[in-house]
Every structure is written in structure tokens, then in C-alpha cells.
2 protein chains.
Amino acid sequence: MQRTKIGIIGLGGRGRGLMSMIAAMEDIEIVAVCDLWQDRVDLSIAKVKEIAGYEPIGLTNHHDLLNIDEIEGVVVSTSWKDHIKLCIDCMKAGKYSAMEVGGAYALEDCWALVRTYEETRVPVMMLENCNFGREELMMLNMVRQGIFGEVVHCQGGYRHDLRHGLTHNREPEREMRHYRSGEYHNRNCDNYPTHDLGPIAKILDINRGNRMMKLVSTASRASGLSAYLANPPAIENSVPLPDRRWLQGDIITTTITCAHGQTITLVLDTSLPRPYSRNFQVHGTRAMYVEDNRSLFIEGVHNHEEDWRDNWGNVEKFYEQYDHPMWRGYDPSKGGHGGMDYLCMRAFFDAVKRRCPTPIDAYDVASWMSITTLSEDSIAMGGHPVTIPDFTRGEWLRSRDVYEGFYAL
Amino acid sequence: MQRTKIGIIGLGGRGRGLMSMIAAMEDIEIVAVCDLWQDRVDLSIAKVKEIAGYEPIGLTNHHDLLNIDEIEGVVVSTSWKDHIKLCIDCMKAGKYSAMEVGGAYALEDCWALVRTYEETRVPVMMLENCNFGREELMMLNMVRQGIFGEVVHCQGGYRHDLRHGLTHNREPEREMRHYRSGEYHNRNCDNYPTHDLGPIAKILDINRGNRMMKLVSTASRASGLSAYLANPPAIENSVPLPDRRWLQGDIITTTITCAHGQTITLVLDTSLPRPYSRNFQVHGTRAMYVEDNRSLFIEGVHNHEEDWRDNWGNVEKFYEQYDHPMWRGYDPSKGGHGGMDYLCMRAFFDAVKRRCPTPIDAYDVASWMSITTLSEDSIAMGGHPVTIPDFTRGEWLRSRDVYEGFYAL
């Protein structure tokens, strides 16, 4: 078996997690790993050796990794601000790349990604694992089958209590490396839109017959992190950072309007106490799904005068009928986050192996990431609507080369 | 016992429902009932006779009702567009009035309500029954006790499948009297904001130390009613209306920002298939409530790493500890909509009897109803933010005469 040779740039907690998953794949070889910090590189080499029995090359300069000819694909799992720059370097080096999720800091970066893709024709992907979640894929499957009728509105959120990580150094033996804290100190925007937007964008055919036209974004006040630091829980092996003036509002609400008139509401909710939710909702003329109680409501099957509580959790009853092919017979213990990570990574490797387009392509990545900087603009202007660029420049109107295969979205 | 004498203007389905509830109250006498349609008047007289044993005066001109000296309070349950006009007439006649819920058509109407109140000093109230819901009052109680810490964000919605009533004449033996259909044909706004906004406004101390500053509103396309009429269900004794060009978007999302930086998201969702929900959410620095799975999450009590599903429905476990005094020992079978209607009506009658301010006063009514016309403006301008007037003109900064007593909100 010819193993596909890849490199990994960015070896923090997330990068090492993905690396361990990849190391266990028999058809993939991790040729090199790279991080700015040597201790992470050393840790990673040892980890791959432990899992796969071989030692990858360890590097601290990503250009050295890109100079390794045999590497075909690169996983970029660095801090948010380097994702686009590194993927541009990958494209220029002729290597497929897949970036972890995050948002953009300027529209120019999104345009640069698209421009470089069009110049090089080397595909890029975002590792948006939530596009491969069971419920997200099931809803996509049902929408494509017409079960929802016309989809009119979707909602989503990244609603995840991150207060501890944002305000504490959890590796107190060394400098604080967790970069998100600085984001919350200095910015005010939906800094993490793609977990919720990605699956919705596929449901609404964004960049393939539809597009996002404009958005409005509103930020609540920022109270959560200071309140947390005023009374921090005692958690072993972590040191609270000094309180700061946090600019990041606790709740960011963004409403996007699409060319065909559908609306999308996204919520960022990461600095208040709560259980995790992606707050996923799909509303069509024939059916509805609400993640917060995991219930489907289908015209003709359910009756709106029933007590909704009787249908909470009913999504599982529909797995057999409507599961997406990717989830039929799939063992989710193969990868993190309930199995999504594995499917997502395999989708990338499938494109690398077949030298075909990626299922989340440069236009998707640019438009999804642009929501961060555009929400920042809208908030800065007191909620003024801002237009969302058409990164395809008209190509969304026609069919074009897209990924086809098992991992199609 | 001296019975409090009241009149009722507006005897459609809702008006007659309230009338029947009031007729059963031993301390209240319905002196007169009034509607533009004589058949409703006749039906109402017979109904009061049946329940209470006496016959109210039947009228078709509301001025005749306001000329009856002994009437102290008036319930206005007409179509939305007449609520403010009729309550203004009540104030001018020196009679307490309580209007059913609805939205405004112009800011001028909201100002006229406030202006007339300030000229006459005759209190007015909105019968916002949802302000008296068990969970809504419980959250208010918990917020006032500090359980939520600082409240940063609230959400709510009127999410109710109204498609049948909007597209069918359910009294086919006579002309279509259900006026909402015309609203959906000709307007595009959050036409019904107060069920969700009312309880939130009290939680956030709106008009009493805080105020609503601005909003942005976005409408989805309008697909639900035409899709429904293309394939209408066979329901006895109802005739479908012809399909029309519906301007009302299926989902309206409005985000309000308050003076103290809290945000409020409201959703109108009345023309797609779904179970009923008011989508109520409260997010604070110490706790959270989500109606869609009826769960409370309290810092120190719950752990965000638990499976949220284990806490679905847990609100009931907290009734004993946190129920609002109005709900302690209360038998909700006393009034419609799970008991809210009775408490709300008693709150009005308590103010009438004691000649004191109402718990939802002229400033509340004006500001809550203004959201409809302001959302219409924002949508018309493509989502542009619009400012929300301070109907108190600075009085929200200081304490002023408010209702005090058992039904205080």
C-alpha cells in the first residue's frame, strides 16, 4: 500500500489531538511535524512513535516542511491568525492543505486565499468537523430529499463555556500560550462562526446556487469573564490571569440574509456559564429541527397541538430512515468530538489521494471566515448592515468543479 | 360586597374567552359589552347570563359604553389596530383600561398613549398574560434574588403555527373577520412582540433603571403560507382563502440593545410548521435558563461537562425553591393559557380597585408596542439599526410611581 504522506503545522493541544488520530491511520504517513515551540515538536515526535512506530521529522520553520517534496497534504492547526497565511504558503508550494477552524481578521486575507487558489489551482479545505456531525449530516440529507420543503431559516451557535481557558494559564510551568485570551481582550465579533455556519451553508447551497448577501451583528456587554475572575473556581494546575478590560461581548448575535431570502442567525456564547450547544435549527415549509431538545417536527407526521415534550429527543428515532450515508454503519469512536473529526479528516485525505476538489473549498473557507471580520465591522458601526462579498465572483450562479464522492457535502 | 364594574370592548374569540373568565369572578360585574357586530353582542349577553346569571348591556358603539358612569375599568380585546385608540378614549373618559396584546403601527400612536396618560393620569395596562407565566415569573424572581448574577442577554419568540387561521375562514357562514390575514399580506415586521418581550423587559428593568436603545430586524423570505395553501389540510368547517402575495417574512429576527448593554433577541415564527414555543432564554453571569428544554443551569449547582440532556425539564425541580409568590399555592385551572390569563386580569382589577398604577403601565405599553413599527422600519431599510424612543423622557433614570402589591412585576 502506497501511504499518503502528510505534514502537520501547529502542535498545540488540538494539533496533537489530530496528529494522534492520523497516526493511527494505516494509509497515512506523517512525514514531518512543525511548531514554533521545540518542546511541542519533541512531544509530538514521541507520540507518533508511540502510536505508529515511526518518527516524523521535527521542524520549527514551516518553510522547511513545505520544502519536503514527498509531502502531499498539510494539516494546519496553529492559532487562528496564521491559518490563511500558512495555507497560502501550502498552495504556493503545490501542496493540498486543510486548516483548522477560525475566523478572518480582514477581508483581504479571504481574498488572498481565493486569489492564490485561482492562481495555483491547488485545493484548500477547512477542517470544519461539525459539517460531519451526525445530526448536521442527517438534516442535510433530509433537506436534499425535500423533507423540509423550502428551507426558510436556520439558526446555529457556538455556545460553549470557555471561561476557564480564557482566564487561566493551564500550563503554569511556562508562559501562557493560549492565544484566545488576547482575542477576547481586544476584539468584539463572532470570532468562531464556522461550527454553526458551516453545516447551514451546505444546507442552503451557499456558493453553489445561493450566496450570503449581508449581515447585521450585535454584541451584548462583556461581563462574564470579569465576573468569573472575581470568584474563580479552584481548579488544580491552573493560574488565573489578571482581570482585563474585555472588549468581547458575552453574546454576539449575527443575522445573515441570503440571495434567495433565507436568513441565518448565529450566536457566539462562550463567556457565560452554560452547557455546550451548537443551537442548530432548521426551519422549512414542511419540517423543523431544534437541537436544544433534539426534536424533529415533520408536517403530516407530527401535530403542532401535541405536547412538544413528548417529541424531545425523537431525532434518534429517525436515524434509520434518514441518516446520511457517511453515518450508516459508521463507528464514531474512530475520531474525536463524537466521530466528526475522523470523517472530516478522511474527507480531506480522500481529496488529497484523488487529486480532486475538497468538499469545503477555497470559496467556502473565504466566505465562512469573512463572517468574523464582517461581524466586527457591523458591531463597530452600532449594528449597521454590511454586505458579504461574493468570493466566487459570479461562479455561484453556474455549476463548477466540486468534490464528488463519499464525503460530498 | 361592592362589585367592581367593568365593560368589555371587542367580543371576538379572545374577547369572549376573557369575558367568560371574568363573568365567573364574584367580585366583578360586567356592566356592558360592545362589538361592531351585533351577533357577537347577542352571543356575549347570553354567555354572561349563563355563567353569572345577569345580563350586561349590549352595545355596538364604544362611546356609549364609556358614557356609562358606573364603569370603572374597560377591557379592550379588539383587533390590534384599535387597541391604542380605544384606550386613549378610555383614559379621556376617566376609566382604567387594559388592552389585549399587539404591536403598534406608528410611533405617533405610542406617543399619543403616553401623552394622554400624562394629561389624564388615568392608568392603562396591557394584558400581557405571558408576564404572569409560571416560568417567566420564576425567572424574574430568581433574577431579583441575584441567582443569575448580572443578566447579559435574553431571548424570546412567538413561535406558533398560525397558518390555518391566517389562510382559512373558520366561520364560512359569514364574512372573514380574522384580521391577521391582512397583516401578513401587507406588512413585514415583528407583528406580535410582547409575549416574548414583556417578561424580558421586566427582567431587564426596562423603563425603571434601564431602557431599550436600538434594534436591528431581519426578515426571511415569505414561503410558508403559499406552501400551506398549495396543499391545504382538510379541516372541517373552514374554507381556504385565495393565495396572495404575502409580504410578511416567515421568520423575523430582532435584536435589541439596552442602555446597560444587555441584548434581547426576539423571533416571530408563525407561518411554518412547528410546535408552540416562546423560546424564552435568560443568560447571566451565574445562571442560564432555556425554555426549549425547560432547563436551568446554575453555577455551582450544575457542571457544564455534564450531559445537558440529564437536566432537561429540571425547571420543575426548582419550583418549590424559586416559584414567584403569585404562583405559590395558585391553582392554574382558574384561567386560560395555563393560568396566566387569570393572574393577569386580577392584576388589572387590583389596580382598578385600589386606584393605583398598573403593573404594566403606559410607558411599558408604548415601548413594547413600538418594537413592531420599529422592526418594520429596520426591515424596510435592509436591516439598518433604528433607535427606540425613551417614552419616559428621562423618568427611567429615577424612581417614579409604580404599582406596588401582590401582582408587582
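In this text, all values refer to a predicted model and were calculated from it rather than measured experimentally.

About the cut-offs
Residues numbered from 1 in each chain as written. Chains lettered and ligands numbered in written order. Predicted model: local features only at pLDDT ≥ 70, side-chain atom pairs only at ≥ 80, totals over all residues. Heavy atoms only, no water. Phe/Tyr/Trp six-rings, centres within 6.5 Å; stacked < 30°, edge-to-face > 60°. Helix = DSSP H or I, 4+ residues; strand = E, 2+ residues; numbered from the N terminus. Buried < 20%, exposed > 50% of the residue type's maximum accessible area, 1.4 Å probe, protein only. Lys NZ or Arg CZ within 6 Å of the ring centre and 35° of its normal. Least-squares fit on C-alpha atoms with pLDDT ≥ 70 in both. pLDDT = per-residue confidence, 0-100. Polar contact = N/O pair within 3.5 Å; in protein donor to acceptor, adjacent residues only side chain to side chain. Contact = heavy atoms within 4.5 Å. Axes fitted to C-alpha atoms, helices over the stretch in contact; angles between N-to-C directions. Parallel < 35°, antiparallel > 145°, perpendicular 65-115°, else oblique.

1. Topic: the packing of aromatic side chains
One pass over the full model with this rule turns up 25 aromatic pairs over all chains. On the basis of an interplanar angle of 85° and a centroid distance of 5.5 Å, the ring pair of Trp80 of chain A and Tyr179 of chain A is categorised as edge-to-face. Here the residue Trp80 of chain A occupies a position in the loop between strand 4 (73-76) and helix 4 (83-92), and Tyr179 of chain A occupies one in the loop between strand 8 (168-169) and helix 8 (180-186), the gap between them amounting to 99 residues. With a relative accessible area of 3%, Trp80 of chain A lands in the buried category. Plain terms: the ring middles of Phe280 of chain A and Tyr289 of chain A are 6.1 Å apart, the flat faces sit at 65° to each other, and that makes the pair edge-to-face. For the pair Phe280 of chain A and Tyr289 of chain A, a shared accessibility class is recorded, and that class is buried. Aromatic rings pair up to connect Trp80, Tyr158, Tyr179, Tyr192 and Tyr276 of chain A into one cluster. Taking the ring centre of Trp37 of chain B as reference, the NZ or CZ of Arg177 of chain B above it sits at 4.2 Å. Taking the ring centre of Trp308 of chain A as reference, the NZ or CZ of Arg274 of chain B above it sits at 5.5 Å.

2. As for the relation of the copies chain B and chain A
Of the two same-sequence chains, chain B is brought onto chain A (RMSD 0.0 Å, axial shift 0.0 Å) by a rotation of 180°. Both chain copies can therefore be described as sitting about a two-fold axis.

3. Structural notes on the confidence of the model for chain A
The pLDDT averaged across chain A works out to 96; a share of 100% of its residues lies at or above 70. This complex was scored by the predictor with a pTM of 0.97 and an ipTM of 0.96.

4. Examining the side chain of Ser217 of chain B
Residue and element names in this part refer to chain B. Mapped onto the secondary structure, Ser217 falls in strand 9 (residues 212-219). Residue Ser217 is classed as buried on the basis of its relative accessible area of 1%. Of the polar contacts made by the side chain of Ser217, one reaches the side chain of Thr254; its length is 2.6 Å. Not counting chain neighbours up to four residues away, the residues in contact with Ser217 comprise Ile252, Thr253, Thr254, Ser375, Ser378, Ile379 and Gly383.

5. Digging into the packing of helix 4 (residues 83-92) of chain B against helix 5 (residues 107-120) of chain B
Residues and elements named next belong to chain B. As a packed pair, helix 4 and helix 5 sit with axes 10 Å apart at the nearest point and diverge in direction by 10°. Regarding the angle of helix 4 to helix 5, the classification is roughly parallel. Each of Ile84, Lys85, Cys87, Ile88, Met91 and Lys92 in helix 4 lies in contact with helix 5, whose residues at this interface are Asp109, Cys110, Ala112, Leu113, Thr116, Tyr117 and Thr120.

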